[in-house]
2 protein chains.
Amino acid sequence: MAQRSPRKSLQLNRANTPINFSGPMQDVNVISDHMLKVEWRNGLGWSNPQIIQSGPIALHPFAHVFHYANECYEGMKAYIDSNGNVRMFRPEKNMERLNFSASRLCLPAFNGEELLKCIEALLKVDKEWIPRKKGYAMYLRPLIFSTTPWLGLTQTSEAHLYVMMSPVGPYFKSGFVPIKLAVDSKWIRAWPGGTGNVKFGGNYSPTVMAQRDAANAGASQALFVYDKEQYITEAGTMNIFLFWKNNMGEIELVTPSLEDGTILAGITRQSVIDLAREWGECKVTERMLPLQEVLDAFIREDVYEIFGTGTAAVIQPISSISYDGIDYSVPKNAFSENAFQVRMTNTLTAIQYGEIDHPWSRVVA
Amino acid sequence: MAQRSPRKSLQLNRANTPINFSGPMQDVNVISDHMLKVEWRNGLGWSNPQIIQSGPIALHPFAHVFHYANECYEGMKAYIDSNGNVRMFRPEKNMERLNFSASRLCLPAFNGEELLKCIEALLKVDKEWIPRKKGYAMYLRPLIFSTTPWLGLTQTSEAHLYVMMSPVGPYFKSGFVPIKLAVDSKWIRAWPGGTGNVKFGGNYSPTVMAQRDAANAGASQALFVYDKEQYITEAGTMNIFLFWKNNMGEIELVTPSLEDGTILAGITRQSVIDLAREWGECKVTERMLPLQEVLDAFIREDVYEIFGTGTAAVIQPISSISYDGIDYSVPKNAFSENAFQVRMTNTLTAIQYGEIDHPWSRVVA
């Protein structure tokens, strides 16, 4: 029961600090009626999965997730095809990655195929919530966090697994909307030996500052680099691709490699690599990519297209990269019907909505 | 309302994965009767602070703290002196650091002196909970996290500030208990441009793995290093000091410097530096400290003492560092009554319990 404020005059606002962020979001995302909940206890394992009404999550004030960020998650989508079937896109990859993330944080592992069965059950219960138009989908958020009610940092003794859902509209309401990136060499997103390849909450909140700096520089997202060589890693919360003529004169699709563990192994990223190899139009390369090499290619006018990849946007076209006061832009035809990224988007979404029969798309409900 | 499990046979335990961690903690820390709660909203600022009964914290399932680790905290202690006064140790430093942490994560800033008044009010309400014996204290956990109920990563629109309390016993129940460290060169705690100098949840959960590796190597804590030079940064969740004859033949107290932002600016750390300078017994240095320089000094038998510092232990004596299969140990007299770390511990605790009159100790209730 709440008591009155200890002193009526107490207030925490600092006179000289503006309390208004320039941030967006007035709205609140909509959560579907139900969510999946599974509890884990050391020595007992996972409880019976339950589909419960969506509502507040109540935890002990000492729960580790509030203090030590023992939390990892996934982003997935479910689509309704023209036959009314519910489809998911390579969902087993999300299960693998969530287990990988959990293991890095000493959170409990689980059986991915069993969790997918639970997700199917959840989608059936809330099927009416899944939007039926092309471009629309149900976004799914599997999430594991430690509820260990111990004030010190320890191994996890208790954890919760949730799957929450939110219907989402098309990322681009009126066709492709390319965005600007600003190179951020001040804030380093990830480092070898860290957690850059883990879908871990702690990778994300530190990038809010970079996002604000990018917005102040007139860009939509930060382009993260690291080390003296300014290796390109990720753009905002997306993987990044270049379609260009490289410095050997070859037409190439290139994306930063996963070798040093600083980059999230995106499922859309892997799908773009796989499809591009299948298409055979160009060399397809994963390697360390110093920023200067990219800027040099811009100066030679050899950069044809740049795009980000992720579950939310699928493909996010990029119009320019701002660095050191200079804007490096891709040509206008980067966004034409025949552009690599446009054809890739069309193919991927056709697979996701079951218009092309493909093993990556799984009918789940 | 909970529904039944979607399929009775569903279960997430993976046949081949052991679900038992070798972790400790069977007990649950005790929380005092009350906690302080203040809510923040973009555009409205902080609400009236309230002292409420301790109980579960209930948040929207999309609250950012669960997904993106927008959270930072402090650790402080309140002590009862021989006159029955409640004292705190340099609490304004914790307020400064919490504001610094919040600013790095784009969480709201607050007026530190006003929050200290709220903390005093909380300590008065739960004064009977503060243990009265020397060595015992009330541990306080100020905590700010984003409750923004938006599924995407955005600027913070809503946040909560809590102060929770837990009575704690002496860190060492029977005198000094030195611990072993194991050098961890696999997991990197922090890097320049990251969040190593921020008391941010995301710095902590990734170290649970390092802690487990250290335990498997027979040590209590990991000694974190980074970069090719293997610069020493922190030991577990503590700052680290060496008392030694350096390679110039000088008697020196040395601790890693704060210059590159990889190290938490510990308040006990700063207090040890300040007192050592006042004592004038030795050179006192903050600088980058390559591991090899320390190992060389061990081989010369020039390392006299190593200790960690932090709010929990004040001073944590270290007996040995294990690296590459070799144990490097300090001499036995490192823990004698006359040792630097023992005298430092005695002085700091005498200040904390008001036995020595010192401006660092503030009577608050």
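Rules used throughout
- Residues numbered from 1 in each chain as written.
- Chains lettered and ligands numbered in written order.
- Predicted model: local features only at pLDDT ≥ 70, side-chain atom pairs only at ≥ 80, totals over all residues.
- Heavy atoms only, no water.
- Helix = DSSP H or I, 4+ residues; strand = E, 2+ residues; numbered from the N terminus.
- Buried < 20%, exposed > 50% of the residue type's maximum accessible area, 1.4 Å probe, protein only.
- Contact = heavy atoms within 4.5 Å.
- Pairing = 2+ DSSP bridges.
- Phe/Tyr/Trp six-rings, centres within 6.5 Å; stacked < 30°, edge-to-face > 60°.
- Lys NZ or Arg CZ within 6 Å of the ring centre and 35° of its normal.
- Domains from an automatic or database assignment.
- Buried area = accessible area lost by both parts, 1.4 Å probe.
- Salt bridge = Lys/Arg side-chain N within 4 Å of Asp/Glu carboxyl O.
- Polar contact = N/O pair within 3.5 Å; in protein donor to acceptor, adjacent residues only side chain to side chain.
- Nonpolar A, V, L, I, M, F, W, Y, C, P; charged D, E, K, R; others polar.
- Core = buried A, V, L, I, M, F, W, Y, C linked by side-chain atoms within 4.5 Å.
- Axes fitted to C-alpha atoms, helices over the stretch in contact; angles between N-to-C directions.
- Parallel < 35°, antiparallel > 145°, perpendicular 65-115°, else oblique.
- Left-handed = near helix turned anticlockwise from the far one by under 90°.
- UniProt positions renumbered as here; feature names shortened; annotations may be inferred.
- Right-handed = clockwise from strand over helix to strand, strands pointing away.

## Considering the side chain of Ser322(B)
Residues and elements named next belong to chain B.
Consideration 1: For Ser 322, the position within the fold is in strand S17 (residues 314–323).
Consideration 2: On the basis of relative accessibility, which here comes to 18%, the residue Ser 322 falls in the buried class.
Consideration 3: When neighbours within four sequence positions are excluded, Ser 322 is seen to be in contact with Leu 181, Ala 182, Val 183 and Asp 327.

## Details of the pairing of strand S8 (residues 137–146) of chain B
Residue and element names in this part refer to chain B.
Consideration 1: Counting buried residues along S8, ten of its ten residues qualify, which places the element largely inside the surrounding structure.
Consideration 2: Bridge count for strand S5 (residues 71–73) against S8 is three bridges, and the pairing is antiparallel. In the sheet register, Tyr 73 faces S8, and the bridge partner there is Leu 143.
Consideration 3: Summarising the sheet, strand S6 (residues 76–80) and S8 pair through three bridges and their orientation is antiparallel. Counterpart to Lys 77 in the pairing with S8 is Tyr 139.
Consideration 4: Sheet analysis places S8 next to strand S9 (residues 158–168), joined by ten bridges and oriented antiparallel.

## Some remarks on the packing of aromatic side chains
Consideration 1: Tallied over the entire structure, the rule returns 30 aromatic pairs over all chains.
Consideration 2: Judged by centre distance (5.5 Å) and plane angle (55°), the rings of Tyr73(A) and Tyr204(A) are tilted. With a gap of 131 residues between them, Tyr73(A) in strand S5 (residues 71–73) and Tyr204(A) in the loop between strand S10 (179–184) and helix H4 (207–216) connect regions that are remote in the sequence.
Consideration 3: Judged by relative accessible area, which is 3%, Tyr73(A) ranks as buried.
Consideration 4: Three or more aromatic residues link up through ring pairs in this structure, and these residues are Phe66(A), Phe145(A), Tyr162(A), Phe66(B), Phe145(B) and Tyr162(B).
Consideration 5: Lying across the ring of Trp187(B), Arg104(A) places its NZ or CZ 3.9 Å from the centre.

## Some points on the environment of Leu122(B)
Residue and element names in this part refer to chain B.
Consideration 1: Mapped onto the secondary structure, Leu 122 falls in helix H3 (residues 112–125).
Consideration 2: Between the C-alpha atom of Leu 122 and that of Ala 235, which follows or precedes it by 113 residues, the distance is 32 Å.
Consideration 3: Those residues within four positions of Leu 122 in sequence are excluded, and the remaining contacts are His 34, Met 35, Leu 36, Ile 51, Val 163 and Met 165.

## Focus: the environment of Arg41(B)
All names here are of chain B.
Consideration 1: Take Arg 41: it is sitting in strand S1 (residues 34–41).
Consideration 2: Given a relative accessible area of 42%, Arg 41 falls into the partly exposed group.
Consideration 3: In this structure the C-alpha to C-alpha distance between Arg 41 and Phe 89, which are 48 residues apart in sequence, comes to 31 Å.
Consideration 4: Leaving out residues up to four positions away in the same chain, Arg 41 has contacts with Ser 157 and Glu 158.

## Some remarks on the domain arrangement of chain A
All names here are of chain A.
Consideration 1: Domains assigned within chain A are domain 1 (6–169) and domain 2 (179–352).
Consideration 2: At the interface, 22 residues of domain 1 touch 23 residues of domain 2.
Consideration 3: In total, about 2000 Å² of surface goes out of reach between domain 1 and domain 2, with carbon and sulfur atoms giving 59% of it.
Consideration 4: The largest share of the area that domain 1 buries against domain 2 comes from Tyr 73, Phe 89 and Arg 97, three residues that together contribute 32% of it.
Consideration 5: Connecting domain 1 to domain 2 are one salt bridge.
Consideration 6: The residue Arg 90 makes a salt bridge to Asp 274 at a minimum N-O spacing of 3.6 Å.
Consideration 7: Summed over the shared surface of domain 1 and domain 2, the result is nine residue pairs in polar contact (both at pLDDT 80 or more).
Consideration 8: Among the secondary structure elements, those contributing two or more residues to the side of domain 1 that touches domain 2 are S5, strand S6 (76–80), strand S7 (86–89) and helix H2 (91–104).
Consideration 9: Ranked by residue count, the leading element in the side of domain 1 that touches domain 2 is H2, at six residues.
Consideration 10: Classifying every residue of the side of domain 1 that touches domain 2 by side-chain character gives ten nonpolar, three polar and nine charged.

## Points about the nonpolar core
Consideration 1: Core analysis: the largest hydrophobic core is formed by 73 residues, its most contacted members being Ile119(A), Leu123(A), Ile119(B), Leu123(B) and Leu140(B).
Consideration 2: Among the nonpolar cores identified, the runner-up in size contains 38 residues, and Ile57(A), Leu264(A), Ile57(B) and Tyr139(B) belong to it.

## Some thoughts on the packing of H2(A) against helix H3 (residues 112–125) of chain A
All names here are of chain A.
Consideration 1: Where H2 meets H3, the closest approach of the two axes is 9 Å, and the angle between their N-to-C directions is 120°. In terms of axis orientation, H2 runs oblique to H3. The hand of the H2/H3 crossing is right-handed. Side by side, H2 and H3 meet where Pro 91, Glu 92, Met 95 and Asn 99 of the first sit next to Gly 112, Glu 113, Leu 115, Leu 116 and Ile 119 of the second.
Consideration 2: In terms of residue class, the contact of H2 with H3 is made up of five nonpolar, two polar and two charged.

## Some thoughts on the environment of Asp302(B)
Residues and elements named next belong to chain B.
Consideration 1: If you trace the backbone, Asp 302 turns up in the loop between helix H6 (291–299) and strand S16 (303–310).
Consideration 2: Taking relative accessible area as the criterion, Asp 302 reaches 11% and is therefore assigned buried.
Consideration 3: Setting aside residues up to four positions removed in sequence, Asp 302 forms contacts with Trp 244, Lys 245 and Ala 297.
Consideration 4: At 2.8 Å, the side chain of Asp 302 forms a polar contact with the side chain of Arg 300.

## Digging into the UniProt feature "modified residue: N6-(pyridoxal phosphate)lysine" (unreviewed entry) in chain A
Residue and element names in this part refer to chain A.
Consideration 1: The feature "modified residue: N6-(pyridoxal phosphate)lysine" (unreviewed entry), as given by UniProt, occupies Lys 199 in the numbering adopted here.
Consideration 2: Positionally, Lys 199 belongs in the loop between S10 and H4.
Consideration 3: In this structure Lys 199 comes out as buried when scored by relative accessible area, which is 10%.
Consideration 4: Other than its neighbours up to four places away in sequence, Lys 199 contacts Cys 72, Tyr 73, Glu 74, Gly 75, Arg 97, Ser 101, Tyr 204 and Leu 264.

## Examining the pattern of salt bridges
Consideration 1: Per the stated rule, a full pass over the model turns up 34 salt bridges over all chains.
Consideration 2: A salt bridge links Glu39(B) to Lys37(B); its shortest N-O distance comes to 3.8 Å.
Consideration 3: In this structure Glu39(B) comes out as partly exposed when scored by relative accessible area, which is 36%.
Consideration 4: By sharing partners, the salt bridges in this structure join Glu92(A), Glu113(A) and Arg362(A) into a single network.

## Here we look at the pairing of strand S14 (residues 251–255) of chain A
Residues and elements named next belong to chain A.
Consideration 1: Of all five residues in S14, four are buried; the element is thus mostly enclosed.
Consideration 2: Two strands pair when backbone bridges link them, and strand S13 (residues 239–245) and S14 are joined in this way by four bridges, in the antiparallel orientation. Paired with Trp 244 across the two strands is Glu 252, which belongs to S14.
Consideration 3: Hairpin connection, S13 to S14: the antiparallel pair is bridged by five residues, and Gly 249 has positive phi, about 80°.
Consideration 4: Inspection of the sheet shows S14 paired to strand S15 (residues 283–286) by four bridges, in the parallel sense. Looking at S15, one finds that Val 254 is bridged to Thr 285.
Consideration 5: As for the winding sense of the linkage, the β-α-β connection from S14 through helix H5 (residues 267–279) to S15 is right-handed.

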